[in-house]
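# Coordinate analysis (summary)
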Amino acid sequence: LKIKEKHFHSIWKDQEDKFCQIIDQRQLPHKLSIHQLHNSKDVFTAIREMYVRGAPLIGVTAAYGIYLASLHTDSLAELNKVADYLKTARPTAVNLEWAVDLLMEKISEDYDSAQRIALEEANRIRTESIAECKSIGAHGLKIIEEIYKRNPDRPVQILTHCNAGWLACVDYGTATAPMYLAHDAGIPIHVWVDETRPRNQGARITAFELGQHGIPHTLIVDNVGGLLMQQKKVDLAIVGSDRTARNGDVANKIGTYLKALAACDNDVPFYVALPLSTFDLTLDSGVQIPIEERSPTEVETVQGILNGKIEKVKISPEGTPTLNLGFDITPAKFVTGLITNKGTIKANEKEILKLFKQ
Ligand code: MRU
């Protein structure tokens, strides 16, 4: 995707394969800051502190974390320790353990080639993520096209929550991929962007992405979506996922569930866009998905730019007990469809297992 006409991915290596570079998303949209990752500790911090975020990008970054660790470790046992440590950086996005386990499985078959295997696999996961997101876009585009054909007199009105965009992946995004492809195909769309408290990924990142691509959008606070649906101003919702259980229950950014409830009450189709690596077939249902609890500071403060400097200001009384749960579970019954890189399916165990058998 382009930022000021320059093409960017969210993560890339240096020419000599010595380190990785990422966009420090904590500073977006106010500052475009490129940050280098040299070892597994840098990678852990970047994931934990959300320099990078979004399930697919967390997975790709962790894969490079194993590669960088392989440059500095002397035994498989040591590398396994690093792998376990990286997997604790954030608990909900399954792409993290998926990527780490995938690399470690291959490396443990031939530890002497660890560096080569890790680099090849990390590069492959990165490249495949781009292709998967593009393919999610193509499948989601069909849904948007259908809605546009039924009502060609106005732009298709799409609501999204958090950022499941190219900055949450390597390129295109999951939830945003159908939007980019629809816009590029000349279908008029307009996106309602939930701000997504407490870290405001919608206000800071999705609004930034859509703006850079020239897609019409409007930023709204998290509680507006229900009213807009009642007013018939939303044709469909598309969100991402951090982990989807085998019965189709979806973990995604906190607040997603409430949007799905409102969508159900107002007959608004509610889609979840995700690559196959975001399914967790080991879990029967969403209740088993670990929910990340983050620092209260994120709820107690708001970050913005003041006189050219990024600042945080406190908004709650000193000492107020505060709870900061990062994700919620949307039961499968509220999900109209799962838009995957292999096609759009119903959110149920039968269709999910069929998808994996293909
Ligand atoms: O806490 P974040 O910003 O990592 O949460 C991101 C989301 O909830 C996304 O919707 C999800 O990871 C899908 S990203 C394509």
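Shown above is the structure to which this text applies.
In what follows, the accompanying structure is described. (Residues numbered from 1 in each chain as written. Predicted model: local features only at pLDDT ≥ 70, side-chain atom pairs only at ≥ 80, totals over all residues. Heavy atoms only, no water.)

Within the fold, Ser 75 resides in the loop between α2 (55–70) and α3 (76–87). Using a relative accessible area of 27% as the deciding quantity, one classes Ser 75 as partly exposed. On a C-alpha basis, the gap between Ser 75 and Asp 112 in space is 9.1 Å, while along the polypeptide they are 37 residues apart. Of the polar contacts made by the side chain of Ser 75, one reaches the backbone nitrogen of Glu 78; its length is 3.1 Å. (Helix = DSSP H or I, 4+ residues; strand = E, 2+ residues; numbered from the N terminus. Buried < 20%, exposed > 50% of the residue type's maximum accessible area, 1.4 Å probe, protein only. Polar contact = N/O pair within 3.5 Å; in protein donor to acceptor, adjacent residues only side chain to side chain.)

Let us now look at the sheet that holds strand β9 (residues 236–239). The strand order across the open sheet formed by 7 strands is β8-β7-β6-β9-β12-β17-β18, and the pairing between neighbours is mixed. The open sheet has two edge strands with one neighbour each: β8 (217–220) and β18 (343–345). Direction aside, neighbouring strands of the sheet carry axes that sit 25 degrees apart on average. Of the pairings in the sheet, the one linking strand β6 (residues 156–160) to β9 comprises 2 bridges and is parallel in character. What sits directly across from Ile 158, in β9, is Leu 236. Where helix α7 (residues 201–213) meets the sheet, its contacts fall on β6, β7 (189–194) and β8, and the angle it forms with β7 comes to roughly 165 degrees. Against the sheet, helix α9 (residues 256–265) contacts β6, β7, β9 and β12 (270–273), and its axis sits at roughly 145 degrees relative to β12. (Pairing = 2+ DSSP bridges. Axes fitted to C-alpha atoms, helices over the stretch in contact; angles between N-to-C directions. Contact = heavy atoms within 4.5 Å.)

Between the first and last C-alpha of α3 there are 16 Å, a value that for 12 residues agrees with the 16 Å anticipated at 1.5 Å per step. Among the residues of α3, those classed as buried are Leu 79, Val 82, Ala 83 and Leu 86. The arc that holds every buried residue of α3, seen down its axis, measures 105 degrees, which confines them to one face. Summarising the geometry of α3, the exposed residues directed more than 90 degrees from the buried face are Ala 77 and Lys 81. (Expected span 1.5 Å × (residues − 1). Arc of directions from axis to C-beta.)

Of all residues adjacent to the ligand, which total 19 residues, the nearest are Arg 53, Arg 90, Gln 201, Asn 252 and Lys 253. A distance of 2.9 Å is found between an oxygen atom of the ligand and a backbone nitrogen or oxygen belonging to Gly 54. Residue composition of the shell around the ligand, grouped by class: 8 nonpolar, 7 polar and 4 charged. (Near = heavy atom within 4 Å. Nonpolar A, V, L, I, M, F, W, Y, C, P; charged D, E, K, R; others polar.)

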